[in-house]
Amino acid sequence: MNINDAKRIVFKFGTNVLRNDDKEISLSRVYSFIEEISKLHRQGKEVIIITSGAVGLGSKILNVDSSESLSVKQACAAVGQCQLMSIYEDGFGKYSINTAQVLLTEDDFTNRIKYLSLSNVLNTLLELRVIPIINQNDTVSTSELTPEFGVSFSDNDKLSALVASKLDADLLVILSDINGLYDDNPKENPNANLISEVKELTEEIKNYASSASKGGRGGMITKLQAAEVVTHSGGFVRIINGKSPQAITRLFNGEKMGTTFYPVEQLSQKRRWIAYATNITGQIVVNEGAKKAIIEKDKSLLAKGMLKVNGCFDCGDVISIVDENNIEFARGIANYNSSDCLKIIGEHSDNIYEILGHKNYDAVITKDNIALL
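What comes next concerns the included structure. This one's a predicted model, so the numbers in the text were calculated from it and none came from an experiment.

Every buried residue of helix 12 (residues 288–297) is listed here: Ala 290, Lys 291, Ala 293 and Ile 294. Angular distribution of buried residues about the axis of helix 12 spans 165°; they occupy a single face of the element. In this structure, helix 12 carries Glu 296 and Lys 297 as exposed residues pointing more than 90 degrees from its buried face. Where helix 12 is buried, its residues touch strand 11 (282–286), strand 14 (328–333) and strand 15 (370–372). The backbone nitrogen of Gly 289 has a side-chain oxygen 3.2 Å away, supplied by the residue at the start of helix 12, namely Asn 287. In the segment just after helix 12, Asp 298 is the residue with positive phi, at about 55°.

So, in C-alpha coordinates, the structure goes:
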(Lines give C-alpha, C1' and ligand atoms only; values in the text may rest on other atoms or scores of the structure.)
Protein backbone atom coordinates (compact mmCIF):
# COMPACT_ATOMS: atom_id res chain seq x y z
CA MET A 1 0.00 0.00 0.00
CA ASN A 2 1.21 3.48 -0.87
CA ILE A 3 0.37 5.22 2.36
CA ASN A 4 -0.39 8.47 0.55
CA ASP A 5 -3.28 6.74 -1.22
CA ALA A 6 -5.11 6.55 2.12
CA LYS A 7 -8.06 8.95 2.00
CA ARG A 8 -9.66 8.37 5.39
CA ILE A 9 -7.21 8.02 8.28
CA VAL A 10 -7.67 7.40 12.00
CA PHE A 11 -4.83 8.49 14.30
CA LYS A 12 -4.69 7.06 17.82
CA PHE A 13 -2.50 8.81 20.41
CA GLY A 14 -1.65 6.85 23.54
CA THR A 15 -1.17 8.34 26.99
CA ASN A 16 2.58 7.77 27.06
CA VAL A 17 3.04 9.46 23.67
CA LEU A 18 1.26 12.60 24.86
CA ARG A 19 3.30 12.89 28.09
CA ASN A 20 6.89 13.86 28.78
CA ASP A 21 9.29 12.19 31.20
CA ASP A 22 7.75 14.14 34.10
CA LYS A 23 4.33 12.61 33.30
CA GLU A 24 3.03 16.00 32.21
CA ILE A 25 1.52 16.67 28.81
CA SER A 26 4.20 17.31 26.20
CA LEU A 27 2.81 20.41 24.50
CA SER A 28 5.62 20.55 21.96
CA ARG A 29 4.87 16.99 20.81
CA VAL A 30 1.10 17.49 20.73
CA TYR A 31 1.41 20.70 18.71
CA SER A 32 3.84 18.94 16.39
CA PHE A 33 1.23 16.24 15.79
CA ILE A 34 -1.36 18.93 15.11
CA GLU A 35 0.90 20.67 12.59
CA GLU A 36 1.65 17.42 10.76
CA ILE A 37 -1.99 16.36 10.65
CA SER A 38 -3.03 19.82 9.46
CA LYS A 39 -0.84 19.34 6.38
CA LEU A 40 -2.62 16.07 5.60
CA HIS A 41 -5.98 17.73 6.13
CA ARG A 42 -5.06 20.47 3.62
CA GLN A 43 -4.25 17.72 1.10
CA GLY A 44 -7.90 16.68 1.26
CA LYS A 45 -7.52 13.71 3.57
CA GLU A 46 -10.27 12.92 6.09
CA VAL A 47 -8.83 12.68 9.59
CA ILE A 48 -10.22 11.27 12.83
CA ILE A 49 -8.25 11.45 16.09
CA ILE A 50 -8.63 9.04 19.00
CA THR A 51 -6.88 10.53 21.99
CA SER A 52 -5.96 9.34 25.44
CA GLY A 53 -4.60 11.58 28.17
CA ALA A 54 -7.64 13.02 29.96
CA VAL A 55 -7.22 10.97 33.14
CA GLY A 56 -3.48 11.69 33.32
CA LEU A 57 -4.02 15.42 32.81
CA GLY A 58 -6.76 15.52 35.42
CA SER A 59 -4.74 13.65 38.03
CA LYS A 60 -1.87 16.12 37.55
CA ILE A 61 -4.19 19.13 37.86
CA LEU A 62 -5.93 17.75 40.95
CA ASN A 63 -2.69 16.33 42.40
CA VAL A 64 -4.30 12.95 43.11
CA ASP A 65 -3.54 9.34 42.25
CA SER A 66 -6.09 8.34 39.59
CA SER A 67 -5.74 4.67 40.57
CA GLU A 68 -7.20 5.28 44.04
CA SER A 69 -10.73 4.41 42.99
CA LEU A 70 -13.04 4.41 39.99
CA SER A 71 -14.77 7.59 41.17
CA VAL A 72 -11.43 9.44 41.54
CA LYS A 73 -10.45 8.29 38.06
CA GLN A 74 -13.76 9.54 36.67
CA ALA A 75 -13.25 12.90 38.40
CA CYS A 76 -9.78 13.18 36.88
CA ALA A 77 -11.23 12.41 33.45
CA ALA A 78 -13.85 15.15 33.82
CA VAL A 79 -11.23 17.77 34.69
CA GLY A 80 -8.57 16.56 32.25
CA GLN A 81 -10.88 16.26 29.25
CA CYS A 82 -11.57 20.00 29.30
CA GLN A 83 -7.87 20.87 29.12
CA LEU A 84 -7.13 18.15 26.59
CA MET A 85 -9.83 19.37 24.21
CA SER A 86 -8.78 23.00 24.60
CA ILE A 87 -5.26 22.07 23.45
CA TYR A 88 -6.55 20.38 20.30
CA GLU A 89 -9.02 23.19 19.61
CA ASP A 90 -6.35 25.84 20.02
CA GLY A 91 -3.79 23.99 17.93
CA PHE A 92 -6.01 23.17 14.97
CA GLY A 93 -7.63 26.60 15.21
CA LYS A 94 -4.29 28.16 14.30
CA TYR A 95 -4.61 26.38 10.96
CA SER A 96 -8.29 27.36 10.57
CA ILE A 97 -9.41 23.76 11.06
CA ASN A 98 -12.57 23.06 13.06
CA THR A 99 -12.66 20.25 15.60
CA ALA A 100 -15.49 18.42 17.36
CA GLN A 101 -15.40 16.61 20.69
CA VAL A 102 -16.97 13.14 20.66
CA LEU A 103 -17.07 11.16 23.92
CA LEU A 104 -18.16 7.54 23.64
CA THR A 105 -19.15 4.70 25.95
CA GLU A 106 -19.70 0.99 25.38
CA ASP A 107 -23.45 1.54 24.86
CA ASP A 108 -22.75 3.62 21.76
CA PHE A 109 -21.44 0.45 20.13
CA THR A 110 -23.48 -2.25 21.84
CA ASN A 111 -26.81 -0.68 20.86
CA ARG A 112 -27.07 -1.13 17.10
CA ILE A 113 -29.31 1.94 16.62
CA LYS A 114 -26.73 4.12 18.41
CA TYR A 115 -23.98 2.39 16.46
CA LEU A 116 -25.57 3.33 13.12
CA SER A 117 -26.35 6.85 14.33
CA LEU A 118 -22.71 7.35 15.36
CA SER A 119 -21.63 6.51 11.83
CA ASN A 120 -23.96 9.16 10.39
CA VAL A 121 -22.68 11.83 12.79
CA LEU A 122 -19.00 11.13 12.14
CA ASN A 123 -19.49 10.97 8.37
CA THR A 124 -21.30 14.30 8.46
CA LEU A 125 -18.47 15.91 10.43
CA LEU A 126 -15.95 14.64 7.89
CA GLU A 127 -18.04 15.95 5.00
CA LEU A 128 -17.97 19.36 6.71
CA ARG A 129 -14.15 19.13 6.92
CA VAL A 130 -14.24 18.91 10.71
CA ILE A 131 -11.73 16.73 12.59
CA PRO A 132 -13.53 14.63 15.24
CA ILE A 133 -11.51 14.35 18.47
CA ILE A 134 -12.72 11.13 20.08
CA ASN A 135 -12.09 9.77 23.56
CA GLN A 136 -13.70 7.22 25.81
CA ASN A 137 -16.09 8.95 28.19
CA ASP A 138 -14.25 7.90 31.34
CA THR A 139 -16.42 10.16 33.48
CA VAL A 140 -19.46 7.90 33.03
CA SER A 141 -17.93 4.73 31.59
CA THR A 142 -17.51 1.70 33.85
CA SER A 143 -15.55 -0.48 31.45
CA GLU A 144 -13.17 -1.46 34.26
CA LEU A 145 -16.07 -3.44 35.69
CA THR A 146 -15.58 -5.95 32.89
CA PRO A 147 -18.52 -8.32 32.29
CA GLU A 148 -17.88 -12.03 32.52
CA PHE A 149 -17.90 -12.63 28.78
CA GLY A 150 -16.24 -9.47 27.46
CA VAL A 151 -16.62 -5.76 26.90
CA SER A 152 -16.73 -3.71 23.73
CA PHE A 153 -13.71 -1.57 24.66
CA SER A 154 -11.69 -0.94 27.77
CA ASP A 155 -8.96 1.15 26.17
CA ASN A 156 -8.52 3.53 23.26
CA ASP A 157 -6.74 0.97 21.08
CA LYS A 158 -9.96 -0.99 20.73
CA LEU A 159 -11.99 2.21 20.48
CA SER A 160 -9.83 3.42 17.60
CA ALA A 161 -10.32 0.09 15.83
CA LEU A 162 -14.10 0.21 16.20
CA VAL A 163 -14.23 3.75 14.85
CA ALA A 164 -11.93 2.87 11.93
CA SER A 165 -14.01 -0.22 11.19
CA LYS A 166 -17.32 1.59 11.35
CA LEU A 167 -16.14 4.44 9.11
CA ASP A 168 -14.41 2.12 6.60
CA ALA A 169 -11.13 3.95 7.19
CA ASP A 170 -8.30 3.13 4.82
CA LEU A 171 -5.68 3.34 7.55
CA LEU A 172 -5.37 3.31 11.34
CA VAL A 173 -2.12 4.78 12.65
CA ILE A 174 -1.41 3.87 16.28
CA LEU A 175 1.26 6.11 17.80
CA SER A 176 2.88 4.29 20.70
CA ASP A 177 6.04 4.71 22.77
CA ILE A 178 7.79 1.80 21.04
CA ASN A 179 8.81 1.29 17.41
CA GLY A 180 6.26 -1.40 16.59
CA LEU A 181 5.71 -5.11 17.16
CA TYR A 182 8.74 -7.12 18.26
CA ASP A 183 9.25 -10.85 18.62
CA ASP A 184 9.96 -10.18 22.31
CA ASN A 185 9.58 -7.29 24.74
CA PRO A 186 12.27 -4.78 23.61
CA LYS A 187 12.22 -3.06 27.01
CA GLU A 188 13.41 -6.31 28.59
CA ASN A 189 15.30 -7.95 25.71
CA PRO A 190 17.71 -5.66 23.76
CA ASN A 191 18.06 -8.38 21.09
CA ALA A 192 14.34 -8.38 20.25
CA ASN A 193 13.65 -8.04 16.50
CA LEU A 194 11.18 -5.60 14.99
CA ILE A 195 8.54 -7.20 12.77
CA SER A 196 7.98 -4.78 9.90
CA GLU A 197 5.06 -6.54 8.19
CA VAL A 198 2.23 -8.79 9.34
CA LYS A 199 0.18 -10.37 6.55
CA GLU A 200 -1.84 -12.54 8.93
CA LEU A 201 -2.37 -12.36 12.69
CA THR A 202 -1.44 -15.93 13.60
CA GLU A 203 -1.28 -17.30 17.12
CA GLU A 204 2.50 -17.06 16.93
CA ILE A 205 2.26 -13.33 16.19
CA LYS A 206 -0.25 -12.80 18.99
CA ASN A 207 2.07 -14.51 21.44
CA TYR A 208 4.68 -11.83 20.80
CA ALA A 209 2.49 -9.20 22.46
CA SER A 210 3.65 -7.91 25.82
CA SER A 211 1.56 -6.71 28.74
CA ALA A 212 0.34 -3.15 29.26
CA SER A 213 2.94 -0.45 29.61
CA LYS A 214 2.99 1.53 32.82
CA GLY A 215 0.76 4.59 32.70
CA GLY A 216 -1.51 3.33 29.93
CA ARG A 217 -4.35 0.86 29.76
CA GLY A 218 -3.30 -0.84 26.58
CA GLY A 219 -0.08 -2.49 25.56
CA MET A 220 0.76 -4.56 22.49
CA ILE A 221 -2.00 -7.08 23.21
CA THR A 222 -4.74 -4.51 22.74
CA LYS A 223 -2.96 -3.09 19.68
CA LEU A 224 -3.02 -6.51 18.03
CA GLN A 225 -6.69 -6.83 18.91
CA ALA A 226 -7.26 -3.46 17.25
CA ALA A 227 -5.31 -4.58 14.19
CA GLU A 228 -7.46 -7.69 13.95
CA VAL A 229 -10.66 -5.62 13.88
CA VAL A 230 -9.41 -3.15 11.26
CA THR A 231 -7.78 -5.68 8.94
CA HIS A 232 -11.01 -7.72 8.95
CA SER A 233 -12.76 -4.52 7.90
CA GLY A 234 -10.53 -4.02 4.87
CA GLY A 235 -8.16 -1.43 6.34
CA PHE A 236 -4.42 -1.20 6.98
CA VAL A 237 -2.90 -0.63 10.42
CA ARG A 238 0.47 0.96 11.16
CA ILE A 239 2.04 1.01 14.63
CA ILE A 240 4.82 3.60 14.91
CA ASN A 241 6.82 5.34 17.63
CA GLY A 242 5.07 8.65 18.26
CA LYS A 243 7.99 9.93 20.32
CA SER A 244 10.23 9.85 17.27
CA PRO A 245 10.56 13.39 15.83
CA GLN A 246 8.23 14.22 12.91
CA ALA A 247 6.92 10.64 12.98
CA ILE A 248 3.73 11.36 11.03
CA THR A 249 5.47 13.42 8.35
CA ARG A 250 8.17 10.79 7.87
CA LEU A 251 5.55 8.07 7.65
CA PHE A 252 3.68 9.87 4.86
CA ASN A 253 6.96 10.67 3.12
CA GLY A 254 7.37 6.95 2.61
CA GLU A 255 9.92 6.17 5.31
CA LYS A 256 9.87 2.53 6.40
CA MET A 257 9.02 2.58 10.06
CA GLY A 258 6.98 0.61 12.56
CA THR A 259 4.84 -2.44 11.82
CA THR A 260 2.30 -2.67 9.01
CA PHE A 261 -0.73 -4.98 9.25
CA TYR A 262 -2.41 -5.90 5.95
CA PRO A 263 -6.14 -6.37 5.28
CA VAL A 264 -7.56 -9.89 5.20
CA GLU A 265 -10.96 -11.27 4.21
CA GLN A 266 -13.48 -8.51 4.86
CA LEU A 267 -16.56 -8.94 7.05
CA SER A 268 -19.85 -7.23 6.25
CA GLN A 269 -20.81 -4.22 8.38
CA LYS A 270 -23.38 -6.27 10.30
CA ARG A 271 -20.96 -9.10 10.99
CA ARG A 272 -18.32 -6.59 12.12
CA TRP A 273 -20.77 -5.28 14.67
CA ILE A 274 -21.59 -8.81 15.85
CA ALA A 275 -17.93 -9.86 16.05
CA TYR A 276 -16.33 -6.81 17.59
CA ALA A 277 -18.56 -3.94 18.62
CA THR A 278 -20.81 -5.45 21.26
CA ASN A 279 -20.79 -6.38 24.91
CA ILE A 280 -21.18 -10.11 25.34
CA THR A 281 -23.78 -10.97 27.96
CA GLY A 282 -23.93 -14.73 27.55
CA GLN A 283 -22.41 -17.84 26.09
CA ILE A 284 -23.54 -21.08 24.47
CA VAL A 285 -21.35 -24.19 24.50
CA VAL A 286 -21.91 -26.37 21.42
CA ASN A 287 -20.91 -29.88 20.41
CA GLU A 288 -18.35 -30.70 17.74
CA GLY A 289 -21.00 -31.40 15.11
CA ALA A 290 -22.57 -27.97 15.57
CA LYS A 291 -19.18 -26.28 15.44
CA LYS A 292 -18.32 -28.06 12.20
CA ALA A 293 -21.67 -27.17 10.64
CA ILE A 294 -21.26 -23.48 11.51
CA ILE A 295 -17.62 -23.17 10.38
CA GLU A 296 -17.48 -25.48 7.37
CA LYS A 297 -21.05 -25.45 6.06
CA ASP A 298 -22.26 -21.95 7.02
CA LYS A 299 -25.19 -23.43 8.96
CA SER A 300 -27.37 -21.98 11.73
CA LEU A 301 -27.01 -23.06 15.36
CA LEU A 302 -29.82 -25.44 16.29
CA ALA A 303 -30.96 -26.36 19.78
CA LYS A 304 -29.80 -29.95 19.35
CA GLY A 305 -26.23 -28.69 18.99
CA MET A 306 -26.21 -26.92 22.37
CA LEU A 307 -24.50 -28.47 25.39
CA LYS A 308 -24.62 -25.65 27.95
CA VAL A 309 -25.89 -22.09 28.43
CA ASN A 310 -23.93 -19.55 30.49
CA GLY A 311 -24.92 -16.05 31.53
CA CYS A 312 -28.17 -14.16 31.26
CA PHE A 313 -29.21 -12.76 27.88
CA ASP A 314 -32.33 -11.66 26.04
CA CYS A 315 -33.60 -12.40 22.58
CA GLY A 316 -31.68 -10.09 20.23
CA ASP A 317 -28.51 -9.96 22.35
CA VAL A 318 -25.13 -10.88 20.86
CA ILE A 319 -23.73 -13.95 22.57
CA SER A 320 -20.53 -15.96 22.40
CA ILE A 321 -20.41 -19.42 20.80
CA VAL A 322 -17.71 -21.71 22.23
CA ASP A 323 -16.72 -25.32 21.65
CA GLU A 324 -16.38 -28.16 24.15
CA ASN A 325 -12.88 -26.91 25.06
CA ASN A 326 -14.34 -23.49 25.95
CA ILE A 327 -12.67 -21.86 22.92
CA GLU A 328 -14.72 -19.06 21.38
CA PHE A 329 -15.00 -19.45 17.60
CA ALA A 330 -18.04 -17.33 16.74
CA ARG A 331 -20.59 -14.80 17.98
CA GLY A 332 -24.21 -14.40 17.02
CA ILE A 333 -27.56 -12.75 17.71
CA ALA A 334 -29.77 -14.96 19.89
CA ASN A 335 -33.30 -15.79 18.75
CA TYR A 336 -34.22 -16.98 22.26
CA ASN A 337 -33.36 -15.70 25.73
CA SER A 338 -31.11 -17.64 28.10
CA SER A 339 -34.03 -19.08 30.08
CA ASP A 340 -35.63 -20.52 26.94
CA CYS A 341 -32.29 -21.80 25.68
CA LEU A 342 -31.79 -23.75 28.90
CA LYS A 343 -35.13 -25.50 28.34
CA ILE A 344 -34.41 -26.57 24.77
CA ILE A 345 -30.80 -27.75 25.08
CA GLY A 346 -30.29 -30.79 22.86
CA GLU A 347 -33.87 -30.75 21.58
CA HIS A 348 -35.03 -31.06 17.97
CA SER A 349 -36.39 -27.87 16.43
CA ASP A 350 -39.82 -29.53 15.98
CA ASN A 351 -40.15 -29.76 19.78
CA ILE A 352 -39.52 -26.08 20.56
CA TYR A 353 -43.15 -24.95 20.48
CA GLU A 354 -44.29 -27.85 22.67
CA ILE A 355 -41.59 -27.09 25.27
CA LEU A 356 -41.79 -23.29 25.32
CA GLY A 357 -45.37 -22.63 24.23
CA HIS A 358 -44.01 -20.35 21.49
CA LYS A 359 -41.53 -20.59 18.64
CA ASN A 360 -39.57 -17.65 17.26
CA TYR A 361 -37.34 -19.56 14.86
CA ASP A 362 -36.19 -23.10 14.12
CA ALA A 363 -32.63 -21.99 14.92
CA VAL A 364 -31.26 -20.62 18.20
CA ILE A 365 -29.01 -18.38 16.05
CA THR A 366 -29.61 -18.10 12.31
CA LYS A 367 -26.62 -18.31 9.97
CA ASP A 368 -26.98 -14.74 8.69
CA ASN A 369 -26.52 -13.51 12.28
CA ILE A 370 -23.33 -15.50 13.00
CA ALA A 371 -19.85 -13.99 12.69
CA LEU A 372 -16.88 -16.35 12.75
CA LEU A 373 -13.88 -15.15 14.73
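On we go.
Right, let's talk about the pairing of strand 9 (residues 236–241) for a bit. The element strand 9 is largely enclosed, with a buried count of six among its six residues. Here strand 9 shows a buried face lined by Phe 236, Arg 238 and Ile 240 and a second buried face lined by Val 237, Ile 239 and Asn 241. Sheet topology note: the strand 5 (residues 171–176)/strand 9 ladder contains six bridges and is parallel. When the bridges of strand 9 are listed, Val 173 appears paired with Arg 238. Across three bridges, the pairing between strand 9 and strand 10 (residues 259–261) is antiparallel. Note on strand 10: the bridge partner recorded for Val 237 is Phe 261.

Reading the values: rules and limits
- Within every chain, residues take consecutive numbers counted from 1 along the sequence as written.
- Residue-level local features of this predicted model are given only where pLDDT is at least 70; pairs of side-chain atoms are given and counted only at 80 or more, and the full residue set underlies all totals for whole chains, interfaces and linings.
- To obtain the side-chain values, all non-hydrogen atoms of the structure were included, while hydrogens and water were left out.
- Relative accessibility under 20% of the residue-type maximum defines a buried residue, over 50% an exposed one, and the middle range a partly exposed one, all with a 1.4 Å probe and only protein chains included.
- Helix and strand assignments follow DSSP, with helices taken as H or I runs no shorter than four residues and strands as E runs no shorter than two, numbered in order from the N terminus.
- Here, the arc refers to the directions that run from the helix axis to the C-beta atoms.
- Two residues qualify as a contact provided that any one of their heavy atoms is within 4.5 Å of a heavy atom in the partner residue.
- N or O atoms within 3.5 Å of each other form a polar contact, as long as, within protein, one can give a hydrogen and the other can take it, and as long as residues adjacent in sequence are counted only when both atoms are side-chain atoms.
- We treat two strands as partners when DSSP finds at least two bridges between them.

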